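Each chain, written out:
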Amino acid sequence: MWVFCCGPVRSGSTLQFNITRSILEESKKGFTVEYDYSDNFPAIFNKYKDIEGFKVFKTHSITPFMEKLIYEDKAYVIGCYRDIRDVLVSITKKQNKSFEKIFTKDFVFNYIKYNKHIKKLPNSMISRYERFYCNIYDEASRIADFLGVEIDDRIKNEINEKHSFLNVSKNINVNKMEKFISKNGKEFILDKKTLVHHDHFGNIHPNSFNSDLNKNQINKIERVSGLWLFQNGYKVSLFNLLFNLLIIIRKKN
């Protein structure tokens, strides 16, 4: 069986991937395949298709080929989502760019569309970032149960400690990282086992957007995501929520 750790960018997907990886490695039930773009997954699939056990592939997208495996009960989906306002703050800090250079309506629309898509897939477990970023023990329990893998409290506690923010950030060693070439030719330096890079943790705390964004910037995001935020349990201004609903009503008419 394949396991696609496919949460969107800056939403805790790397943490979720490492929890999953550790569960399967510690239980000796599976392993992680090399990191690559999802477009190149067919080659990876052919390379490992005859090897038994869970095979973990980290990605930010699900291709038609991967989706076919999911619907054929040959793959599990483990994903996540996060307050889109904090996602945008995280991107600005990671890329060291202003909000105005990062924010686009298309990015917000695509984030929401992707979140809705992976939630509808069979064999899927989608977690809220704010629930697991500081509660790794419980997330390990949920993922293990979802995959049908038994792990004891000792392993859960080890995973909780190993992948905590303090330990991961403390143990980042740039000298042990490797180069990864992006599609546009840009070089990234990362740990190819954990997929953590030297500037990975731009913003880990929920609701940081309240101090990092001004009211106008928050309104820009909420005007295109207010309903999604509300439906997923995030606080949003009543005005922007009603603005979203009005747009939907106008489109229907």
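Residues numbered from 1 in each chain as written. Predicted model: local features only at pLDDT ≥ 70, side-chain atom pairs only at ≥ 80, totals over all residues. Heavy atoms only, no water.

**Points about the side chain of Lys156**
Consideration 1: Within the secondary structure, Lys156 sits in helix α9 (residues 153–162).
Consideration 2: Summary of buried charges: Lys156 has no salt-bridge partner, and the nearest side chain of opposite charge, Asp153, is 4.2 Å away.
Consideration 3: Once you skip the residues sitting within four places of it in the chain, Lys156 turns out to touch Tyr137, Ser141 and Ile151. (Helix = DSSP H or I, 4+ residues; strand = E, 2+ residues; numbered from the N terminus. Buried < 20%, exposed > 50% of the residue type's maximum accessible area, 1.4 Å probe, protein only. Lys, Arg positive; Asp, Glu negative; His and termini not counted. Salt bridge = Lys/Arg side-chain N within 4 Å of Asp/Glu carboxyl O. Contact = heavy atoms within 4.5 Å.)

**Let's talk about the layout of surface pockets**
Consideration 1: Approximately 480 Å³ is the volume attributed to the second largest pocket.
Consideration 2: Taken together, 17 residues form the lining of the second largest pocket, with Phe109, Val224, Asn244, Ile248 and Lys251 sitting closest to its centre.
Consideration 3: Counting residues per element, the ones that place at least two in the lining of the second largest pocket are α6 (105–120), α12 (215–231) and α13 (238–252).
Consideration 4: Among the elements that take part in the lining of the second largest pocket, α12 stands out by supplying seven residues, more than any other. (1 Å grid on protein atoms, 1.4 Å probe; cavity = no way out; pocket = protein on both sides within 12 Å on 5 of 7 lines; lining within 4 Å. Points joined across faces, edges and corners; volume = space filled by probe spheres on them.)

**Description of the nonpolar core**
Among soluble globular proteins, nonpolar side chains are generally buried collectively.
Consideration 1: Formed by 42 residues in total, the largest nonpolar core has its most connected members in Trp2, Phe4, Phe41, Ile62, Ile84 and Trp228.
Consideration 2: For this core, the elements supplying multiple residues, two or more each, are β1 (2–5), α2 (41–48), α3 (64–71), β4 (75–81), α4 (84–95), α5 (99–102), α6 and α12.
Consideration 3: For Phe4, the residues in contact, after removing those within four places along its chain, are Phe41, Phe57, Ile62, Met66, Leu69, Ile70, Ala75, Tyr76, Val77 and Ile78.
Consideration 4: Counting residues in each nonpolar core, the second largest holds 28 residues, with Ile19, Leu147, Ile155 and Leu195 among its members. (Core = buried A, V, L, I, M, F, W, Y, C linked by side-chain atoms within 4.5 Å.)

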